[in-house]
Amino acid sequence: MVSAVAEAAASIAQPADRLIVVAAPFVDWVVNVNGYPAKTAVVFHPVIIRRYITRTDVTWSDTTRRTYRSSLMRMSEVLVGEVPLKFAPTTPQNTAAPYDDLDLHLLESWATGQSTAARRRSAGVVLALCTGAGLKANELLQTRRRDILADAEGILVTVNPGARTVPLLARFETLLLNSIAEVEPEHWVFGSPKRVKHGISTLTTFLYDTDRGNEPDPVTTRMRNTWLITHLIAGTNMRALMTAAGVTKFEHLDQLVAHVPAPDTASYRRQLRAEVAR
């Protein structure tokens, strides 16, 4: 990160040794304390800076916070470029919008950074099962440890016992396995292992009460849409995807497809010209 500081210092006409005083503890907090990847675009993203400046575990004065914010945001402008901070209104389009890669890094930190082991387990399974296997909230609430099978080819999640099995996206395998490591086969993976009720309000209350900084709100419908859009972008067979999603038709498919990048002209022609082997 020293070279990044030097690059920023040259562009904003500030001494590098002065910037490093602000940047060094910031980068340490981002990478070593919170576990984010040491990538300039992640470390100096405005959302990360905002989380750092609004910390409540430090005794900075208002003047110090303003100074840090000013220096770090100017570095962000140079190193990352202009990044609009979007806040999602409750409209159908924003409900369908997938989490981007930075959002997922933030949510992974949210899941693994909860204050108790029970909260870390529940947050981890919510993120892993909804974003990694596309489970709906009610399906998540009815998942037991025995419904999750790990083998040499990955992880399979059985949904609504016997209804369907869904391969988990590789990205979320470690998070899920770590989250359920201490869960008994017959116990629920979310919430109290021996709970009786399956009410959505239990999940909603948990998500609302979790320890949070400035991460995007953890919303199960948005997580499921992220999973769907990930497979649409990857070109997953549509019939296989519908089977895994547990649907016979995709509602609001137009909103989902809107988040799939359009192919370039050559790819467009090549894909539509290709003959499918039968």
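Definitions and cut-offs
Per chain, the residues get numbers from 1 upward, laid out in the order the sequence is written. The predicted origin of the model limits local features to residues at a pLDDT of at least 70 and limits the giving and counting of side-chain atom pairs to 80 or more, whereas totals for whole chains, interfaces and linings rest on all residues. Hydrogen atoms and water are omitted, and side-chain values are computed over all heavy atoms in the structure. Salt bridge, as used here: a side-chain nitrogen of Lys or Arg that lies within 4 Å of a carboxyl oxygen of Asp or Glu. The numbering of helices and of strands both runs from the N terminus, where a helix is a DSSP run of H or I of at least 4 residues and a strand a run of E of at least 2. Per-residue accessibility, obtained with a 1.4 Å probe over protein chains only, is compared with the maximum for each type, and a residue is labelled buried under 20%, exposed over 50%, and partly exposed between these values. Here, any two strands with at least 2 DSSP bridges between them count as paired. All axes are obtained by fitting lines to C-alpha atoms, using only the stretch in contact for helices, and the reported angles, taken between N-to-C directions, cover 0 to 180 degrees. In this description, the arc belongs to the directions extending from the helix axis to the C-beta atoms. The contact criterion used is simple: two residues touch if any of their non-hydrogen atoms lie within 4.5 Å. Whenever a nitrogen or oxygen atom comes within 3.5 Å of another N or O atom, the pair is scored as a polar contact, on the condition that within protein one atom can donate a hydrogen and the other can accept it, and that pairs from neighbouring residues in sequence are kept only if both atoms are in side chains. To pair, rings of Phe, Tyr and Trp, with the six-membered ring standing in for Trp, must have centres within 6.5 Å; the planes then decide the type, stacked if under 30 degrees apart, edge-to-face if over 60, and tilted in the middle. As used in this record, nonpolar core signifies buried Ala, Val, Leu, Ile, Met, Phe, Trp, Tyr and Cys residues forming a set joined through side-chain atoms within 4.5 Å.

Participant: What is the right way to read the pattern of salt bridges from this model?
Facilitator: Should their charged atoms come close, side chains of opposite charge can pair. Inspection of the entire model under this criterion finds six salt bridges. Among the salt bridges present, the one from R222 reaches D103, with a minimum N-O distance of 4.0 Å. In this pair, R222 is assigned in helix α12 (residues 220-234) and D103 in helix α7 (residues 101-112), connecting sequence segments 119 residues apart. Exposure remark for D103: the relative accessible area of 14% places this residue in the buried category. A single network of salt bridges, built from pairs that share partners, joins D101, E108 and R171.

Participant: In this structure, what is going on with the sheet that holds strand β3 (residues 164-167)? I would like to understand it.
Facilitator: Pairing between the strands of a sheet is mediated by backbone hydrogen bonds and can be parallel or antiparallel. Pairing is antiparallel across the open sheet formed by three strands, whose spatial order is β1-β2-β3. Across the chains shown, the open sheet's two edge strands, defined by having one partner strand only, are β1 (148-151) and β3. Strand-to-strand twist of the sheet, defined as the mean angle between neighbouring strand axes without regard to direction, takes the value 25 degrees. Inspection of the sheet shows β1 paired to strand β2 (residues 154-159) by four bridges, in the antiparallel sense. Paired with L149 across the bridge in β2 is L156.

Participant: Whenever I open this one, helix α13 (residues 238-245) confuses me. Can you help?
Facilitator: Note that an α-helix has 3.6 residues per turn; residues three or four places apart therefore point the same way. Buried within α13 are the following residues: L241, M242, A244 and A245. One face of α13 carries all of its buried residues, which in axial projection span an arc of 160 degrees. Across from the buried face of α13, at angles greater than 90 degrees, the exposed residues are R239 and T243. Turning to α13, the residues buried within the fold contact β3 and α12. One side-chain oxygen at the N-terminal end of α13 lies 2.9 Å from the backbone nitrogen of R239; it belongs to N237. Once α13 finishes, G246 follows within two positions and takes phi at roughly 75 degrees, a positive value.

Participant: What is the right way to look at the pairing of β2 in this model?
Facilitator: A regular strand places its side chains on the two faces of the sheet in alternate fashion. With antiparallel pairing between neighbouring strands as the criterion, β1 and β2 make up a hairpin whose turn holds two residues. The hairpin turn running from β2 into β3, its antiparallel successor, is four residues long, and N160 in that turn takes a positive phi close to 45 degrees.

Participant: I would appreciate a short explanation of the packing of aromatic side chains in the present structure.
Facilitator: The geometry of an aromatic ring pair is captured by the separation of the ring centres together with the interplanar angle, meaning the angle of the planes. Per the stated rule, a full pass over the model turns up six aromatic pairs. On the basis of an interplanar angle of 55 degrees and a centroid distance of 5.7 Å, the ring pair of F26 and F44 is categorised as tilted. Taken together, the positions of F26 in helix α2 (residues 16-33) and F44 in the loop between α3 (40-43) and α4 (46-53) put the pair 18 residues apart, joining distant regions of the chain. Grouping residues by exposure puts F26 and F44 together as buried. Arranged with centres 5.0 Å apart and planes meeting at 70 degrees, the rings of F26 and Y52 form a pair that is edge-to-face. With F26 in helix α2 and Y52 in helix α4, this residue pair connects regions lying 26 residues apart in the sequence. Taken individually, F26 and Y52 each receive the classification buried, so the pair is uniform in this respect. In this structure an aromatic cluster arises from ring pairing among F26, W29, F44, Y52, W60 and Y68.

Participant: Would you mind going over the nonpolar core with me for this structure?
Facilitator: Generally speaking, a soluble globular protein has its nonpolar side chains buried in company with each other. Grouped together as the largest cluster of nonpolar side chains are 45 residues, with contacts concentrated most on L127, L129, L176, L203 and W227. Among the elements of the structure, α7, α8 (117-132), α9 (137-141), β2, α10 (173-179), α11 (200-209), α12 and α13 are those that each provide at least two residues to this core. When residues of this core are assigned to their parent elements, the largest contribution, seven residues, is made by α8. Beyond its immediate sequence surroundings of up to four residues, L176 is in contact with V125, A128, L129, I148, I155 and L168. Within the second largest apolar cluster, 26 residues are counted, among which are A8, A9, W29 and M75.

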